[in-house]
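# Observations on the model geometry
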Amino acid sequence: MCVCTALGGGYGFPTSGTQRHRFTGPLLYDVLAGARPVFDPARRKDRLRFLIAVTGTDGHRALLSWAEIDPDFADAPVLLAVSVDGTPLDAAGPRPRSRARGRPG
């Protein structure tokens, strides 16, 4: 599990200026490597030919190359967020916590 702190507003929470949010989840490389993709060892740097398309339940999309996340190349730590500020991200999205009682609002 990885942790990332991000600055900004949004993420389904009311905004009033800059906010800090803590995202947790596995690294994209670890998830995909666990699926054991098959690359052609006869082709030099075959991994560089592959693209990764990611779509969130909210419709946001991202396109990356395998080389961006591969430790042998760019080694970018791309996080697949499963929670924000300790709240699970699911099909309903994050649920803001009430400031008055500390319960989901």
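Structure first, text after, so check above.
Bear in mind the structure is a predicted one, so any value in this text is a computation, not a measurement. (Residues numbered from 1 in each chain as written. Predicted model: local features only at pLDDT ≥ 70, side-chain atom pairs only at ≥ 80, totals over all residues. Heavy atoms only, no water.)

### Things to note about the environment of Arg22
- Position of Arg22 among the secondary structure elements: in strand β2 (residues 20-25).
- The spacing of Arg22 and Thr87 is 65 residues in sequence and 9.7 Å in space, taken between C-alpha atoms. (Helix = DSSP H or I, 4+ residues; strand = E, 2+ residues; numbered from the N terminus.)

### Regarding the pattern of salt bridges
- Tallied over the full model, the rule gives 4 salt bridges.
- Residue Asp46 is joined to Arg43 by a salt bridge in which the shortest nitrogen-to-oxygen separation is 4.0 Å.
- Judged by relative accessible area, Asp46 falls into the buried class, the value being 5%.
- A relative accessible area of 43% means that Arg43 is categorised as partly exposed.
- Between Asp46 and Arg49 there is a salt bridge whose closest N-O contact spans 2.6 Å.
- For Arg49, a relative accessible area of 48% translates into the label partly exposed.
- Within the structure, one salt-bridge network assembled from shared partners comprises Arg43, Asp46 and Arg49. (Salt bridge = Lys/Arg side-chain N within 4 Å of Asp/Glu carboxyl O. Buried < 20%, exposed > 50% of the residue type's maximum accessible area, 1.4 Å probe, protein only.)

### Remarks on the pairing of strand β4 (residues 61-65)
- Direction of pairing for strand β3 (residues 51-55) relative to β4: antiparallel, over a ladder of 5 bridges. Across the sheet, Val54 pairs through a bridge with Ala62, a residue of β4.
- Between the antiparallel neighbours β3 and β4 lie 5 residues, among them Gly59 with a positive phi of about 95 degrees. (Pairing = 2+ DSSP bridges.)

### Brief notes about the packing of aromatic side chains
- The final tally for this structure, using the stated rule, is 3 aromatic pairs.
- Seen from their ring centres, Phe39 and Phe50 are 5.2 Å apart, and the 75 degrees between their planes marks the pair as edge-to-face. One end of the pair, Phe39, is in the loop between α1 (28-34) and β3; the other, Phe50, is in the loop between α1 and β3, and 11 residues separate them in sequence.
- Members of the aromatic cluster, joined through ring pairs, are Tyr29, Phe39, Phe50 and Trp66. (Phe/Tyr/Trp six-rings, centres within 6.5 Å; stacked < 30°, edge-to-face > 60°.)

### Thoughts on the nonpolar core
- Residues Leu28, Ile52, Leu64, Trp66 and Ile69 constitute the largest nonpolar core, which totals 5 residues.
- In contact with Leu64, other than residues within four places in its own chain, are Leu28, Phe50, Leu51, Ile52, Val54 and Val78. (Core = buried A, V, L, I, M, F, W, Y, C linked by side-chain atoms within 4.5 Å. Contact = heavy atoms within 4.5 Å.)

### So, the side chain of Asp70
- Residue placement: Asp70 occurs in the loop between α2 (66-69) and β5 (83-84).
- The buried category is assigned to Asp70, whose relative accessible area is 1%.
- Residue contacts for Asp70: discarding those within four places in its chain leaves Tyr29, Arg47 and Asp75.

These values are about where atoms sit, not about what they do.
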